Structures are given as C-alpha cells and as structure tokens.
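Topology and contacts: notes
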Amino acid sequence: MRHSLKWRLVIVFILLTLAMTGVFLVGMKKMVTAGWQAYAKPLVGDYIDKLALEIGTPPSVDKAKAIVARLPVTLKIDGPQVQYNSHPALHRPWSDYDGDPRYGPESWGLVRTTDDGHRITFGLVGPLHSERPRVFGWITLAALLGLTLAAYAYVRRMLRPLQHIGEGVARFGAGDFSQPIAQARRDELGDLAERVNTMAKSLQGMLDAKRALLLAISHELRSPLTRARVNAELVGEGEHRDALLRDLSEMRDLISDLLESERLATGHRALQTEAVDLAALAREVVATQFATAALALELDASMEPVRADPMRVKLLLRNLIDNALRHSAGAARAPIVSLRREDDGRVALGVRDFGPGVSDEQLQRLSEPFYRADSARARATGGVGLGLYLCRLIAQAHGGELRLRHAEPGLEATALLGD
C-alpha cells in the first residue's frame, strides 16, 4: 500500500469524500436547528394544540385512536383516569432524556398537559416500511463501492504512463537504448517521458563516443605494443628483460580485455551461439591452458548441450580459474571447477578457491572494472582487474548473471547461464 501511488490516491479520495459528507451533514443539521426550527416549531405547536383540543378533557381514547388512524403520528396519554399508548414500541421513556429540554418530545413542543392532570405526548410514526432504510443503506454502500472502483480505474489510467516510464528507465539502465519510452499522452507525464527519452539519447551519444574512442585507442596501441615486444626480445637475457616482457604481456592482455568488454557491451547480439557440451569444454580448457595447475573437477557429465558462445565461455572459465589460482597460493586444497544444473533450470559454471577470501565490502565490488581487492598483491601476482568484470558481461550476454559468495574458506564465483 505504501508503494502503490494509485491506491494511496484512491484512499485520499475516499477520506476526502467521507470528510466532505460529514461536514455537509453537520452543517445542514446546524442550519436546520438554528434556522428552520424557528419557523417549524410555531406551526407544529399550533397544530398540536388543535389535536389536544380534539381529544378533549378528560382525554377520549376513541378520539385518540381516530387521530392515530387518520394521521401518521404516535400518541401516548398518561394520567389518573386514562392510560393509552398507540405505539408502545416507538415511545421512549421520559427518563431516557434525563430531563434535558434540548431532546425528547418537549424540545419540539409535542407534549400537552390537560387541566385534569393528563399528559398527552405526540410523535411521528417514522418510516412506513421497515425495510426501506435497510434497502437505502445497501444502495448507498453499492454506490460508494462503485464510485471507489471508478476512481481507481481513472487513477490507474491516469498514472499508466508511469509504468512505461519505469520500464524504459530499466532498459536504459541496462544499456538498451533501442526502444524509447512510448509517449501516448500530452500531459505532464508525457512531458516527463519525453525528457527521459532526451536524456537517454544524450547518454547513448556519450557512451557511443566513449566506446568509439576506447576502441580506437586500443587498436592504435596494438601496433606499437607489438613492435615494443619484438624489440624487447632482442634485449639480453636477465631480470630487466623478463620484467619488460611481463609488463608488455600485461598491457597486451589489458588491451584484449578492453576490446572484448566493449564488444560484449551490446549483450546477446555479440554472441555466436551453438550447441555446446559445457563439461567437455571445461575439460578442454583445463587440459590446454592449466595442464600444470592443481585443479579438482566436479562436472555433471549427464548435462545436455546448451546454446552458448564457446569462445566466450572459454574466456569466462579461463578468467575464473586464473582468478582462483592467483588468490589460493598456499591453500590447503586445490580450486574446484564445478558444473551443475540449478533448480530454476539455469546452468551454473563456477570455480571455488580455498584462499583467504575477501571482506563483505570488497565482495560487492569484485566484478567492477579495474577493481582489485589488494592492489599491492594484484601487481605482484598479475591482473588488471578486468577478469571478473568480463565474466559478468559474458554471463549477462547469455541471459544470466555472475554470483560471488563467501565459501568459508575462500571464495566461489559462479556464472549462471540462461539455457
């Protein structure tokens, strides 16, 4: 209820209606009490005097019955000689009013006392049919419900563009600028949708310019980097040569990862999918790129092939294994490469290490580009902070996500791929 703006507006309308109804009824009651009673009471009193004279002294029960039969009134006679009540169920005892002259029959001058000590009290019979108030009550309730539903339908129709705006903002936040927000209205919400579309076009232009600049710089750096590596090979063997070649390799990997991340920014369109046996692919990556590394395999060989981009999945798995090996030096157990089917049908391809792990704050940022939990350690062990970021992009391009969690000890990184 707190989240729904439509229902909150409907409740405001209902409360406003009830408040206005209450103020109107109280105001009308005060107006009638203060104004119309001054005109009505003398007329009612004169007519009651005539009815009392018609009943006579001492009061005649027959004449009282004749008046009750002729007029929609109640009549009660209390006295030493005559006791009569035309409607026992409708007359309230005089003690109920506690002698307050503002209430009861005397407030309207409906009581007369004869010379011989009889008290004659007149009143109105009330509704002629007892079911009418109940019917009117149900009709009123149905009308209120109908008005409430009509108000809700109108408010929902009025605020419908907010749903389209929310969906559009979610698409823009995910990097999809292909479909602008539909502008079906020419009101303030329509103006808001137009402004959001304008903002999205501006953001798309800035992102495209940044991407184009990054790709151009990366491509231009490849040629001089290759020449620098060739020249470094000519340097005499030694510590400086090894350090230079290591730095050049790191720069090459950085450029390759930057280019790949920009290609994956387009999501699923960057993939070249086919039916892939992920268990066989994982064994191939371990055998060809990590033949000398200590790794444990827990692969579900019975899993059917899934639609995926084999080159991107190899890159994902290589980065996950490389990250696990880099941060599990000296651990008691070797990292575990796992492949399983989740309960929701997605494929889980992950690697768990048994290293020291990271803090909760660092865990939330591990998949950010260029983020390294321990900068000094990362420079010593290699890596530029793009490995897990690329893994996240590859998982998202396959309709999934990258999940990082504490494994106690160590860290588990799992790519959930949509099948």
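Refer to the structure above for everything that follows.
Each chain carries its own residue numbering, running from 1 in the written order of its sequence. Reporting of local features is limited, given that this is a predicted model, to residues whose pLDDT is at least 70; pairs of side-chain atoms are given and counted only at 80 or more, and all residues count toward the totals for whole chains, interfaces and linings. Hydrogens are left out, water is left out, and the side-chain values use all remaining heavy atoms of the structure.

Section: the overall build of the chain
- By definition, any uninterrupted DSSP run of H or I lasting at least four residues is a helix, any uninterrupted run of E lasting at least two residues is a strand, and each is numbered from the N terminus. Within the chain, the regular secondary structure consists of eleven helices and eleven strands.
- Exposure classes here rest on a 1.4 Å probe applied to the protein chains alone. A residue is buried below 20% of its type maximum, exposed above 50%, and partly exposed in between. Split into buried and exposed, the 419 residues of the chain put 33% on the buried side.
- Note on contacts: a residue pair is in contact if any heavy atoms of the two residues lie within 4.5 Å. Within the chain, contacts between residues at least 6 apart in sequence are counted, and of these 62% link residues at least 24 apart.
- Each accessible area is a Shrake-Rupley estimate made with a 1.4 Å probe; only the visible protein chains count as cover when residues are assessed. If you sum the accessible surface of the chain, you get close to 26400 Å²; carbon and sulfur atoms cover 58% of it.

Structural notes on helix 4 (residues 160-173)
- The span you would expect from a helix comes to 1.5 Å times its residue count less one. Across its 14 residues, helix 4 extends 20 Å between first and last C-alpha, which sits within 8% of the 20 Å expected from 1.5 Å per residue.
- Directly after helix 4, the chain includes Gly175, whose backbone phi takes a positive value near 90 degrees.

Considerations on the packing of helix 7 (residues 278-289) against helix 8 (residues 310-326)
- Where helix 7 contacts helix 8, the two axes come as close as 10 Å, and the packing angle between them is 55 degrees. One way to sum up the angle between helix 7 and helix 8 is to call them oblique. Regarding helix 7 and helix 8, the two cross each other, and that crossing is right-handed. Residue-level inspection shows Leu278, Leu281, Ala282, Glu284, Val285, Val286 and Gln289 of helix 7 in contact with helix 8, the latter providing Pro310, Val313, Lys314, Leu317, Arg318 and Ile321.
- Gly counts as polar in this scheme, as do all residues outside two lists: the nonpolar Ala, Val, Leu, Ile, Met, Phe, Trp, Tyr, Cys and Pro, and the charged Asp, Glu, Lys and Arg. Residue classes in the contact of helix 7 with helix 8 are distributed as nine nonpolar, one polar and three charged. Helix axes are fitted to C-alpha atoms over the stretch in contact, other axes to C-alpha atoms as well, and angles between N-to-C directions run from 0 to 180 degrees. Should an angle fall under 35 degrees it is called roughly parallel, over 145 degrees roughly antiparallel, and 65 to 115 degrees roughly perpendicular, with every other angle called oblique. Whether a crossing is left-handed or right-handed is set by the direction in which the near helix is turned from the far one by less than a right angle, anticlockwise for left-handed and clockwise for right-handed.

Quick word on the sheet that holds strand 4 (residues 119-124)
- Paired strands, as defined in this entry, are two strands with at least two bridges between them according to DSSP. Strands sit in the order 2-1-4-3 across an open sheet of four strands; the sheet is antiparallel. Two strands bound the open sheet, and with one partner strand each, they are strand 2 (84-85) and strand 3 (111-113).
- Summarising the sheet, strand 1 (residues 73-78) and strand 2 pair through two bridges and their orientation is antiparallel. In the strand pairing of strand 2, Ile77 is matched with Tyr84.
- Sheet strands touched by helix 2 (residues 61-70): strand 1 and strand 2. Its angle to strand 1, the strand with the most contacts, is close to 160 degrees.

Here we look at the pairing of strand 10 (residues 401-406)
- Here strand 10 runs beside strand 11 (residues 411-417); their pairing, made up of six bridges, is antiparallel. Looking at the pairing, Glu401 lines up with Leu416 of strand 11.
- The antiparallel hairpin formed by strand 10 and strand 11 contains four residues in its connecting segment, where Glu408 sits at a positive phi of about 50 degrees.

Describing the environment of Phe290
- Relative to the assigned elements, Phe290 resides in the loop between helix 7 and strand 6 (296-299).
- Separated by 28 residues in the primary sequence, Phe290 and Arg318 have C-alpha atoms spaced 8.7 Å apart.
- Residues within four places of Phe290 in sequence aside, it is in contact with Val285, Leu295, Arg318, Ile321, Asp322 and Leu325.

Focus on the sheet that holds strand 8 (residues 336-341)
- Spatially, five strands are ordered 6-8-9-11-10 in an open sheet, and the strand pairing comes out mixed. Only two strands of the sheet have a single neighbouring strand rather than two, namely strand 6 and strand 10. Neighbour-to-neighbour, the strand axes of the sheet open up by a mean angle of 15 degrees, direction not taken into account.
- Packed on one face of the sheet, helix 8 meets strand 8, strand 9 (347-352), strand 10 and strand 11 and runs near 30 degrees to strand 9.
- Contacting strand 10 and strand 11, helix 11 (residues 387-397) crosses the sheet at an angle of about 130 degrees to strand 10.

What about the packing of helix 8 against helix 11?
- Following both chains from N to C, one finds helix 8 and helix 11 inclined at 145 degrees, their axes separated by 9 Å at the closest point. When the axes of helix 8 and helix 11 are compared, the crossing they make is left-handed. Contacts from Arg312, Leu315, Leu316, Asn319, Leu320 and Asn323 in helix 8 reach Gly387, Leu388, Leu390, Cys391, Ile394 and Ala395 in helix 11.
- Classifying every residue of the contact of helix 8 with helix 11 gives eight nonpolar, three polar and one charged.

What about the pattern of salt bridges?
- Salt bridge, as applied in this entry: a Lys or Arg side-chain nitrogen positioned within 4 Å of an Asp or Glu carboxyl oxygen. Taken as a whole and assessed by the stated rule, the structure comprises twelve salt bridges.
- Put simply, Asp322 and Arg326 hold a salt bridge, and the shortest N to O gap is 2.2 Å. On the criterion of helical spacing, the pair formed by Asp322 and Arg326 is a turn pair, its members being four residues apart in helix 8.
- Its salt-bridge partner being Arg340, residue Glu412 comes within 4.0 Å of it at the nearest N-O pair. Linking Glu412 in strand 11 with Arg340 in strand 8, this pair joins segments that are 72 residues apart in sequence.

Considerations on the packing of aromatic side chains
- When two rings of Phe, Tyr or Trp (its six-membered ring) have centres within 6.5 Å they constitute a pair, described as stacked for plane angles under 30 degrees, edge-to-face for angles over 60, and tilted for the intermediate range. Going through the model one piece at a time under the given rule, you end up with one aromatic pair.
- Ring centres 5.7 Å apart and planes at 10 degrees place the aromatic pair Phe172 and Phe177 in the stacked group. This pair shows no difference in class: Phe172 is buried, exactly as Phe177 is.

Quick notes on the nonpolar core
- Only buried residues count toward a nonpolar core. Its members are Ala, Val, Leu, Ile, Met, Phe, Trp, Tyr and Cys residues joined through side-chain atoms within 4.5 Å. Residues Leu317, Leu320, Ile321 and Leu339 are the most contacted members of the largest nonpolar core, which totals 46 residues.
- Per-element tally for this core: the top contributor is helix 11, with eight residues.

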